[in-house]
Amino acid sequence: MIRCEVDHGVFLGEWTSPPDPSISMPSNGDPLVLYVPVHVDDGLAITNSPSLYRWFITSLKQRLFIVDLGDCLKFLSIVITRDRLNRRLWFSSQVYIAELIDEWNLSTAKYPTTPFPNKLSDQPSALPNIPDINLKPKYQRLVGCLMYLAVSTRPDIAYYAMWLGQFSSNPTQLHMLAAKHVLRYLGGTKSLALSFSIPSTSVPASFAGFIQNTGCSDVDWASDMVDRKSISGYSFFFQGSLVSWSAVKQKSIALSSTEAEYYAMSHTFKEAIWLRSFLTFLKLPVPLPFPILSDNQATCSLSNSIAISSRSKHIDIRHHFLHAHIQDGSFSTTWIPTEDMPADIFTKPLNSFLFIRHCNTLGMSIPNV
């Protein structure tokens, strides 16, 4: 098997003829394919041939002690629900969230509809009853759990996990209150799962034509009132499903909304280049050009122009690398309206209407099998 050079935990095997007499070729004439992603001592095997899988497991057992658990129902605390007839799939963290709710004694709490309160209460009676000496380790543990959920199955809390993580070295009781609010939101929505191959019926018209394969880039300019840095967010869709997302604070202070959007697009392009390399390794189709969407027309113009103006000459050269990838036709930039930008959910707290709308676009739904 071949190790993926852009992700050393992923291996690929492909055969145009059976590597063993016990293996039969696919009836449609495709080559035998086997993908093996590994995380520490847990692994999966994805293949188009059951006989190839059995041979693979038998070969491994001759060299390693392994336990074959059959069809994967749960992996790294992620519950996998399948609808094989309709070729649909859901990833859920319902069990993990329920365990956290019990650990923090929130099973009888009133669950909010959005991850962040409109205003953090300053009433002592509303604050968690945790001594200051125990606050930091408990806060770090809770935020760490939220971070794992944010990067695995719950993109709807990615912004909030990022925001809370800023205070891990010196949290206050109010920060703990905000973290527990996010956990209560998860408790009320624990049945939500990240869906695959299930297009949402509420995708905005301006975005529907791109959802099959696209990247989305957005930013909230100078939103941090302490250091005036902006928050970047991106989301990538492949074959109509969300496959990658991010919420992160920019390292440089942007002097305009266009500059902030340009920095965010640079961040998005780095993920796009990695994703293209990963898909190429897996021998999956990569759209050319791969569209990158932005809700800032000036940023789209700047990314397509090789001219240096007084408004852009101070921008670090490392952000201009995206020009080359646009000029060679690998990627393209397109504008869509702000209200239809799904990456907006990764840059700031949203009102309930927009939050739910973007969650639907991202594919957050309840399994219906």
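Preceding block: the structure.
Definitions and limits used
- Residues numbered from 1 in each chain as written.
- Predicted model: local features only at pLDDT ≥ 70, side-chain atom pairs only at ≥ 80, totals over all residues.
- Heavy atoms only, no water.
- Pairing = 2+ DSSP bridges.
- Helix = DSSP H or I, 4+ residues; strand = E, 2+ residues; numbered from the N terminus.
- Patch = residues over 30% accessible without salt bridge, like charges linked within 9 Å, V, L, I, M, F, W, Y side chains within 5 Å.
- Areas by Shrake-Rupley, 256 points an atom, 1.4 Å probe, with all protein chains shown as cover.
- Salt bridge = Lys/Arg side-chain N within 4 Å of Asp/Glu carboxyl O.
- Buried < 20%, exposed > 50% of the residue type's maximum accessible area, 1.4 Å probe, protein only.
- Expected span 1.5 Å × (residues − 1).
- 1 Å grid on protein atoms, 1.4 Å probe; cavity = no way out; pocket = protein on both sides within 12 Å on 5 of 7 lines; lining within 4 Å.
- Points joined across faces, edges and corners; volume = space filled by probe spheres on them.
- Contact = heavy atoms within 4.5 Å.
- Axes fitted to C-alpha atoms, helices over the stretch in contact; angles between N-to-C directions.
- Core = buried A, V, L, I, M, F, W, Y, C linked by side-chain atoms within 4.5 Å.

A. Expanded view of the sheet that holds strand 6 (residues 74-75). Taken together, the five strands give an open sheet; going across it, the order is 6-7-8-9-15, and neighbouring strands pair in antiparallel fashion. Since the sheet does not close on itself, it has two edges, and those belong to strand 6 and strand 15 (364-365), each with one partner.

B. Layout of a nonpolar patch on the surface. There is a patch of nonpolar side chains on the surface, built from Phe65, Val67 and Leu69 and spanning about 440 Å² of accessible area. The topology assignment puts Val67 in the loop between helix 1 (50-61) and strand 6. Judged by its relative accessible area of 59%, Val67 falls in the exposed class.

C. Expanded view of the pairing of strand 10 (residues 213-220). In terms of burial, strand 10 is a largely internal element, eight of the eight residues being buried. Here strand 10 shows two buried faces, one formed by Asn213, Gly215, Ser217 and Val219 and the other by Thr214, Cys216, Asp218 and Asp220. The pairing of strand 10 with strand 11 (residues 231-238) spans eight bridges and is antiparallel. Counterpart to Ser217 in the pairing with strand 11 is Tyr234. Both strand 10 and strand 13 (residues 290-294) contribute to a ladder of three bridges, which runs parallel. Following the sheet pairing, Gly215 is matched in strand 13 by Ile292.

D. Spotlight on helix 7 (residues 257-281). Compared with an ideal rise of 1.5 Å per residue, which puts 25 residues at 36 Å, helix 7 spans 36 Å between its outermost C-alpha atoms and is within 8% of the ideal. Directly beyond the C-terminal end of helix 7, a positive phi value near 60° is found at Lys283.

E. Fine view of empty space enclosed by the protein. A complete count under the given rule lists one cavity of 30 Å³ or more for this structure. When its volume is computed, the largest cavity comes out at roughly 60 Å³. Along its surface, the largest cavity is lined by 13 residues, and Ile198, Gly240, Thr361, Leu362 and Gly363 are the ones closest to its centre. Looking at the lining of the largest cavity element by element, the count peaks at three residues for helix 10 (residues 352-362).

F. Examining the side chain of Ser241 more closely. Position of Ser241 among the secondary structure elements: in strand 12 (residues 241-249). With a relative accessible area of 5%, Ser241 lands in the buried category. Excluding anything up to four places from it in sequence, Ser241 contacts Ser195, Phe196, Ser197 and Phe236.

G. Structural context of the sheet that holds strand 13. The strand order 12-11-10-13-14 describes an open sheet built from five strands, whose pairing is mixed. Whereas interior strands pair on both sides, the edge strands pair on one side only; in this sheet they are strand 12 and strand 14 (331-335). Neighbour to neighbour, the strand axes of the sheet diverge by 20° on average, direction disregarded. Pairing of strand 13 with strand 14 involves five bridges; the strand directions are parallel.

H. Local environment of the nonpolar core. Ranked by size, the top nonpolar core spans 54 residues in total, and within it Leu146, Ile157, Leu164, Leu183, Leu186, Phe207 and Phe346 carry the most contacts. Contributing elements (two or more residues each) for this core: helix 2 (94-103), helix 3 (132-152), helix 4 (158-165), helix 5 (173-188), strand 9 (193-196), strand 11, strand 12 and helix 10. Residue contributions to this core peak at eight residues, all from helix 3. In contact with Phe207, other than residues within four places in its own chain, are Thr214, Cys216, Phe237, Leu293, Ile336, Asp340, Pro342 and Thr361. The next biggest cluster of nonpolar side chains, apart from the first, holds 15 residues, and it includes Phe238, Leu275, Leu302 and Leu322.

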